[in-house]
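Residue strings, one per chain:
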Amino acid sequence: MQTEADPLMMAANVLTELISPTMADRLLAEALARGGDYADVFAERTESTRIPLEEHKIQSAEARQSLGVGVRVIHGERQGYAYSDDTSPEKLCEAARVAAYIAEGGLSETPVPVRQCSGPSYYSVRRPVSETDVRDKAQIVQRANTAAYAYDPRVRQVNVGYVDSIKDILVASSDGLYITDHQPMIRLQVQVLATDRGEFQTGYHGGGGRIGMEYFDVHSPESLAAEAARQALVQLGADEAPAGQMPVVIDNAWGGVWLHEAVGHGLEADFNRKKTSIYSDRIGEKVASELCTVVDDATIPNTRGALNIDDEGTYGQRKVLIERGVLKGYLYDRLNASLMRASCTGSGRRESYQSIPMPRMTNTFLLQGEHTPEEIIRSVRNGFYAKNFSGGQVDISNGNYVFNVTEGYLIQGGKIGRPVKNATLIGNGPKDLAKVTMVGSNWALDPGIGTCGKDGQSVPVGVGMPMILISAMTVGGTSIGARPMM
């Protein structure tokens with residue numbers, strides 16, 4: 001059995017040979033040779049496996065490896081960044097000089113000699129994907145496929161995708177930091193097309209996290225496939241969604257995608273530093289109902305958004321962003337924390353060594369309340385129940401958003417009624433948070449499938465919340481171009 005310390009040793013063995021402390025000091029000195037306030041080195045090694053299944057067949061199993069190093073220099077608001085997948089000392093020094101040239105200016109800081117340190121451990125693994133035969137991974141995919149078709153004869157098409165990755169990172173900085181992390185990730189996703197009397201509907205479900213193959217001991221491929229099939233089938237024969245203002249109940253777990261989009265992005269520090277967020281300069285103000293406490297937490301073990309360290313080497317943290325309706329703070333990376341005279345919150349994230357870090361969410365959720373789901377539904381005479389979403393989009397500057405609802409129901413006489421289809425939720429983040437009148441006791445995170453896109457970069461995230469009631473929202477009866485990622 002692999003111990004929790006072993007992954008860290010693996011990361012150290014792979015990347016510290018490439019970027020030793022001596023090499024890190026050399027690159028940081030080159031990076032600051034033309035001036036600058038700060039410099040860092042980010043090295044990354046990734047191994048991944050992808051197994052897609054379509055029409056009952058696995059056509060191929062794809063394995064990839066990548067290795068590269070990026071060097072960054074910060075001078076005021078300016079960032080110079082250069083990277084190389086040629087990891088020879090000459091090419092890495094060249095990348096450091098390019099970054100220095102882009103951000104040159106001011107006095108040349110003398111880097112503090114790096115000193116190795118270790119971080120926390122939020123993702124222990126019992127059965128590493130690296131020690132699992134690809135045939136066993138393929139069997140997981142085939143089991144999901146068989147279960148989806150067996151669920152109901154109206155299931156006509158199934159697509160299954162298995163993806164895993166092992167990412168080792170190393171961060172060295174001019175203030176003396178030298179730290180590594182070993183980041184596992186696994187995800188199984190199932191998409192089902194069901195048809196009846198000429199009508200076609202799609203369901204989607206999956207799960208995963210920073211965990212090993214033991215994930216499937218608890219969350220079987222069959223259960224994930226069955227949920228995807230159920231979502232597709234429940235929409236067959238559903239009524240068209242009503243349109244207009246009405247009370248709306250949003251379900252727990254994956255319903256947190258609404259919070260992520262409508263609220264979370266507006267709390268990222270870069271938007272607030274540039275005064276482009278609806279939440280700019282509002283720390284200490286009431287921005288939501290007193291029932292609402294919003295948290296971003298990278299410390300929840302084995303979750304998709306968990307981080308021992310972010311991509312700038314800052315420890316993963318639990319951050320209370322809104323407490324009982326009052327705005328408490330933003331999500332900071334190093335650059336924006338420095339410019340806004342705040343502390344880093346472990347929110348500096350990047351897609352890969354080819355990307356510059358920026359403030360991003362990890363696991364973002366609303367804390368639980370006191371009402372049972374049954375009490376919340378009973379309180380609504382006539383309204384709408386949004387159970388599942390495909391994604392959404394938001395205008396950061398004013399908080400306006402739109403979401404596609406993939407599974408929704410009418411609420412009639414305090415009971416969940418018939419399913420409806422082609423519904424959207426249209427609203428405004430701060431205004432709708434202020435209209436939260438009931439918060440459930442059934443808090444949960446999503447199953448581990450979320451991917452967040454920002455400025456062309458995608459990173460894994462988690463979302464979550466309990467069931468909530470918003471006293472009045474606009475429900476649209478037609479689909480509006482939401483994207484599949486958050």
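Here's a quick rundown of the structure.

What follows concerns the overall build of the protein. When you go through the protein residue by residue, the secondary structure sums to eleven helices and 25 strands. Taken against the 2.2 N^0.38 rule, which gives 23 Å for 486 residues, the C-alpha radius of gyration of the protein at 24 Å falls within 12% of a compact globule. Its C-alpha atoms give the protein principal-axis dimensions of about 70 × 55 × 35 Å. The 486 residues of the protein split such that 56% are buried. Long-range contacts, defined here as pairs at least 24 residues apart, represent 76% of the contacts in the protein between residues at least 6 apart.

Our focus in this paragraph is the environment of G80. Within the fold, G80 resides in strand β3 (residues 78-84). Spatially, the C-alpha atom of G80 lies 14 Å from that of A29, the residues being 51 residues apart in sequence. Discounting chain neighbours no more than four positions away, the residues touching G80 are V71, R72, V73, A99, I102 and A103.

If you look at the biggest cluster of nonpolar residues, it comprises 46 residues, and the most contacted ones within it are W258, F384 and L425. Among the elements that line this core, the one with the most residues is helix α7 (residues 256-264), at five residues. Once you skip the residues sitting within four places of it in the chain, F384 turns out to touch M246, P247, V248, V249, V405, G408, Y409, I411, V420, A423, L425 and V475. By size, the runner-up hydrophobic cluster in this structure holds 29 residues, among which are I51, Y162, I166 and I186.

Time to look at unusual backbone geometry. Located in the positive-phi region is H56, a residue other than glycine, with phi close to 70 degrees. By secondary structure assignment, the location of H56 is in the loop between β1 (38-54) and β2 (62-75). Assessed through its relative accessible area of 52%, H56 is described here as exposed. In this structure, R341 takes a positive phi of about 55 degrees despite not being glycine. Mapped onto the secondary structure, R341 falls in the loop between α9 (334-339) and β13 (348-349).

Scoring rules and cut-offs
Residues numbered from 1 in each chain as written. Predicted model: local features only at pLDDT ≥ 70, side-chain atom pairs only at ≥ 80, totals over all residues. Heavy atoms only, no water. Helix = DSSP H or I, 4+ residues; strand = E, 2+ residues; numbered from the N terminus. Rg over C-alpha atoms; globule rule 2.2 N^0.38 Å. Buried < 20%, exposed > 50% of the residue type's maximum accessible area, 1.4 Å probe, protein only. Contact = heavy atoms within 4.5 Å. Core = buried A, V, L, I, M, F, W, Y, C linked by side-chain atoms within 4.5 Å.

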